[in-house]
Amino acid sequence: LNKENLTSKLHIDIIGGGEDYLNLKSKIEEYNLKECVTLLGKKDNPYAYMKKYDSVLLTSRAEAYCLVMVEALILKKPVLTTKVASAYEILCNEKYGIITENSTDGIYNMLKDVILNKDIIQEKSQNLLQYDYSAKNTTIIKQVQDLLEV
């Protein structure tokens, strides 16, 4: 994206510390991305930041049931994510976000599409106006109760 001069149309804030923090900091400097990527570190209340964004980017290698994805939807933020176990279920087959292959090329192509086609995020945001997390929770609780025969 940097080589194609598309980073000026994008800003990514990375929330969290973790073991990759120093490596990410080094890569941001190495690839001259300080203008479009900010490492915010660990935050006690990440929701204050998330609610300001156009969308939430999740590039996990693996997730069982991604709570951050659900939290983003509750905040009415479309999710751009790699293909993890629960992504299709949570995002209702991409109604509320975009799911891509879990690879550098997959993430690159997804971000490029979003940058070049602003309507994508607007469409997903519009869909989220009807998102009802309480109904979703009720369904999940019922499924668990049925499994446990409660």
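If you're wondering where the values come from, they're calculated on a predicted model, not measured in any experiment.

Draft legend 1. View of the sheet that holds strand β3 (residues 56-58). A sheet is described by the order of its strands in space; here three strands give the open sequence β3-β4-β5, paired in parallel fashion. Of all strands in the sheet, those bounded by a partner on one side alone are β3 and β5 (97-100). Across this sheet, the average inter-strand angle for adjacent strands is 10°, counted without regard to direction. As defined by bridge partners, strand β4 (residues 79-82) adjoins β5 across four bridges and the pair is classed as parallel. Across the sheet, residue threonine 82 finds its bridge partner in β5, namely threonine 100. This element, helix α3 (residues 67-74), spans β3 and β4 of the sheet and lies at about 165° to β4.

Draft legend 2. Just the environment of glutamate 19, in detail. Position of glutamate 19 among the secondary structure elements: in the loop between β1 (12-15) and α1 (21-30). The exposed category is assigned to glutamate 19, whose relative accessible area is 79%.

Basis of the calculations
Residues numbered from 1 in each chain as written. Predicted model: local features only at pLDDT ≥ 70, side-chain atom pairs only at ≥ 80, totals over all residues. Heavy atoms only, no water. Pairing = 2+ DSSP bridges. Helix = DSSP H or I, 4+ residues; strand = E, 2+ residues; numbered from the N terminus. Axes fitted to C-alpha atoms, helices over the stretch in contact; angles between N-to-C directions. Contact = heavy atoms within 4.5 Å. Buried < 20%, exposed > 50% of the residue type's maximum accessible area, 1.4 Å probe, protein only.

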